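Topology and contacts: notes
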Amino acid sequence: MYNKGIIVAGLAVFIVLATFPFWYNLGKAAPAPERILTAQAKAAKECILSAELMRTEHMQMLNDWRDMVVRDGTRLYVGSSGKKFEMSLSNTCMECHSNKAEFCDRCHNYAAVTPYCWDCHIDNPKETK
Amino acid sequence: MKRSRRSFLKIAGISALGIGSKPILNAFSASAPQGDTPQPAVMRKPEALTAKHWAMVIDTTKFKSRDDFKPIIEACHSIHNVPELKNKNHEIKWIWEEGYKHAFPTLENPYFEEKVKDLPFLVLCNHCENPPCVRACPTKATFKRESDGIVLMDFHRCIGCRFCMAACPYGARSFNFRDPRPFIKEEKINLKFPRRTKGVVEKCNFCAERLAVGQLPACVEAANGAIIFGDLADPDSDVRKLVSTNYTIRRKLSLGTSPSVYYIV
Ligand code: SF4
Ligand code: SF4
């Protein structure tokens, strides 16, 4: 074999470089962002579904809401406790969670997702730019 | 977790049947397992205006000049965040003015004076009974709401292919060639209604979002009685009485789309 030493050394360097991000970040995963509620959201206590469900299912829920509102014109949601909500991202969700940067963006950034809801749905009626 | 997700979808399925939903939803919740937490429900707002066939009658005799159109167009366009683009090729229109010869080309005769040919008419999507735009749309973004006949768009689903624009014989649809957001005046923006993005088609929605909360369409409110809106399927409605006792015309009837917008001339 020719140049065995160089090849092995090269391979070793390559493996170290390729796996560098993994062991470099080992044990220091970025902590999940803390949930920040507006005073209004805190006071409301109750959301559409339980906090756990909202955390994992809100995207599916918004998808279902969209079809119900756009296709069937059913715009009123009555939660299991009887509380009524208008089914609207801009007018209900963002009305209460008006701190988009803290409430939505931090988690979406952490999860590296970039939903484009707010391209159309005015992000925050309360907060003026 | 699984259960409430499933019941959510069930409710979606039931409401998709286009029922007035309340009685069925009641029965549905009554049959839900007792002793459990009550299931969430989805329904129309009680104040919503409903009809079997929404239609519009535009009484052109009540318009004195084209200036009367301006507040009507303005009302619609500002409520729906329609951008103002100066370039004619990029223009977005939900309701606009058209000369007689373009609005009613099938009702022309060669001896009409220029004045008659240019008579201004207010035009918008006709919410056709047999809408070619719906058949053309490959994604079902454009659909006819079976419950009340409104031809609606789900902007989320529109892929911007513009088949519908080619299919609509009335030019009722506009394409967002540019990002519309910078062209909506800050002071005019309606925070309650979404905007659209580049690459999406849009058109008049008969103010479905206003009907849902018990309000008449914005143009009807702004027209001081010159535009009448109601349920054509109801023999006692104003629109039905107007179309049965007045001479009315509709646009390009020979194409078989059967518009729901009638003009008293
Ligand atoms: S006027 Fe055009 S866009 Fe409106 S329903 Fe008829 S074909 Fe469709
Ligand atoms: S442009 Fe949008 S609404 Fe029109 S046919 Fe294509 S997908 Fe459907």
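Keep in mind that what you see is a predicted model, and the values were worked out from it rather than measured.

Points about the pairing of strand 4 (residues 120-124) of chain B
Residue and element names in this part refer to chain B. Burial analysis of strand 4 places four of its five residues in the buried class, which makes it a mostly covered element. Sheet analysis places strand 3 (residues 95-99) next to strand 4, joined by five bridges and oriented antiparallel. Within strand 4, the position partnered with Trp96 by the bridge is Val123.

Quick look at the site of ligand 1
Close contacts around ligand 1 come from 13 residues, with B:Cys125, B:Asn126, B:Cys128, B:Cys133 and B:Cys168 the closest. Across the shell around ligand 1, the residue classes break down as nine nonpolar, two polar and two charged.

Notes on the nonpolar core
Core analysis: the biggest nonpolar cluster contains 44 residues, and B:Met56, B:Phe206 and B:Ile227 have the highest contact counts within it. With four residues, strand 4 of chain B is the single largest residue contributor to this core. Once you skip the residues sitting within four places of it in the chain, B:Ile227 turns out to touch B:Met56, B:Val57, B:Ile58, B:Phe63, B:Ile72, B:Leu122, B:Cys219 and B:Val220. With 12 residues, the next largest nonpolar core counts A:Leu49, A:Leu53, A:Met68 and A:Met87 among its residues.

Details of the pattern of salt bridges
Pairing is possible between side chains that carry opposite charge, provided their charged atoms lie close to one another. In this structure the tally under the stated criterion is 20 salt bridges over all chains. Linking B:Arg181 and A:Asp119 is a salt bridge whose minimum nitrogen-to-oxygen distance equals 3.8 Å. On the criterion of chain membership, the pair formed by B:Arg181 in the loop between strand 7 (174-175) and strand 8 (201-202) and A:Asp119 in helix 6 (residues 117-120) is interchain, its members lying in two chains. Its relative accessible area of 27% is what places B:Arg181 among the partly exposed residues. The residue B:Arg66 makes a salt bridge to B:Glu97 at a minimum N-O spacing of 2.8 Å. Here the residue B:Arg66 occupies a position in the loop between strand 2 (54-59) and helix 3 (69-79), and B:Glu97 occupies one in strand 3, the gap between them amounting to 31 residues. Several salt bridges converge on common partners, so that one network encompasses B:Glu74, B:Glu84, B:Lys86, B:Lys185 and B:Lys188.

A short note on the interface of chain A and chain B
With 31 residues of chain A in contact, the opposing surface of chain B contributes 40 residues. Of the roughly 3200 Å² buried at the junction of chain A and chain B (both faces included), carbon and sulfur atoms supply 58%. The largest share of the area that chain A buries against chain B comes from A:Arg71, A:Leu76 and A:Ile122, three residues that together contribute 20% of it. Its salt-bridge partner being B:Asp154, residue A:Arg66 comes within 3.7 Å of it at the nearest N-O pair. Where chain A touches chain B, the interface holds eight residue pairs in polar contact (both at pLDDT 80 or more). Among the elements of the structure, helix 3 (51-72), strand 1 (76-78), helix 4 (89-96) and helix 6 of chain A are those that each provide at least two residues to the side of chain A that touches chain B.

Things to note about the side chain of B:Ser260
Residue and element names in this part refer to chain B. Along the chain, Ser260 falls in the loop between strand 10 (248-249) and strand 11 (261-264). Overall, the relative accessible area of 0% leaves Ser260 in the buried class. Among the polar contacts made by the side chain of Ser260, one reaches the side chain of His53 at a distance of 2.8 Å. In terms of polar contacts, Ser260 uses its side chain to reach the backbone carbonyl oxygen of His127, at 2.8 Å. Each residue touching Ser260, except ones within four places of it in the same chain, is listed here: His53, Trp54, Ala55, Met56, Asn126, His127 and Glu129.

Notes on the packing of aromatic side chains
Residues and elements named next belong to chain B. Here the structure, examined in full by the defined rule, presents 14 aromatic pairs over all chains. Aromatic side chains Trp54 and Phe229 sit 4.9 Å apart centroid to centroid with 15 degrees between the ring planes, which places their arrangement in the stacked category. Of this pair, Trp54 sits in strand 2 while Phe229 sits in strand 9 (residues 227-231); the two residues are 175 residues apart in sequence, bridging distant segments of the chain. Judged on exposure class, the residue Trp54 and its partner Phe229 are both buried. Seen from their ring centres, Phe104 and Phe121 are 5.0 Å apart, and the 70 degrees between their planes marks the pair as edge-to-face. You can see Phe104 sitting in the loop between helix 4 (100-103) and helix 5 (114-117) and its partner Phe121 sitting in strand 4, a full 17 residues away along the chain.

Some points on the confidence of the model for chain B
All names here are of chain B. With 86% of its residues at a pLDDT of 70 or more, chain B has an overall mean of 88. Between residues 19-34, whose pLDDT stays under 50, and residues either more than four places distant or in other chains, the model counts 17 contacts. Model confidence for the complex: the whole-complex pTM is 0.81, and ipTM, which rates the interface, is 0.77.

Examining the sheet that holds strand 11 of chain B
Residues and elements named next belong to chain B. Taken in spatial order, the four strands of this open sheet run 9-2-11-10, and their pairing is mixed. Strands at the two margins of the open sheet, each flanked by one partner only, are strand 9 and strand 10. Across two bridges, strand 10 lies against strand 11 in antiparallel orientation. Each residue of the ladder has a partner; that of Thr248, found in strand 11, is Ile264. Those strands touched by helix 10 (residues 238-245) are strand 2, strand 9, strand 10 and strand 11, and its axis lies near 110 degrees from that of strand 9.

Some thoughts on the pairing of strand 11 of chain B
Residue and element names in this part refer to chain B. Neither face of strand 11 is open: one carries Val261 and Tyr263, the other Tyr262 and Ile264, and all of them are buried. Pairing between strand 2 and strand 11: four bridges, direction parallel. Residue pairing across strands places Asp59 opposite Ile264, the latter belonging to strand 11.

Reading the values: rules and limits
- Residues numbered from 1 in each chain as written.
- Chains lettered and ligands numbered in written order.
- Predicted model: local features only at pLDDT ≥ 70, side-chain atom pairs only at ≥ 80, totals over all residues.
- Heavy atoms only, no water.
- Buried < 20%, exposed > 50% of the residue type's maximum accessible area, 1.4 Å probe, protein only.
- Helix = DSSP H or I, 4+ residues; strand = E, 2+ residues; numbered from the N terminus.
- Pairing = 2+ DSSP bridges.
- Near = heavy atom within 4 Å.
- Nonpolar A, V, L, I, M, F, W, Y, C, P; charged D, E, K, R; others polar.
- Core = buried A, V, L, I, M, F, W, Y, C linked by side-chain atoms within 4.5 Å.
- Contact = heavy atoms within 4.5 Å.
- Salt bridge = Lys/Arg side-chain N within 4 Å of Asp/Glu carboxyl O.
- Buried area = accessible area lost by both parts, 1.4 Å probe.
- Polar contact = N/O pair within 3.5 Å; in protein donor to acceptor, adjacent residues only side chain to side chain.
- Phe/Tyr/Trp six-rings, centres within 6.5 Å; stacked < 30°, edge-to-face > 60°.
- pLDDT = per-residue confidence, 0-100.
- Axes fitted to C-alpha atoms, helices over the stretch in contact; angles between N-to-C directions.

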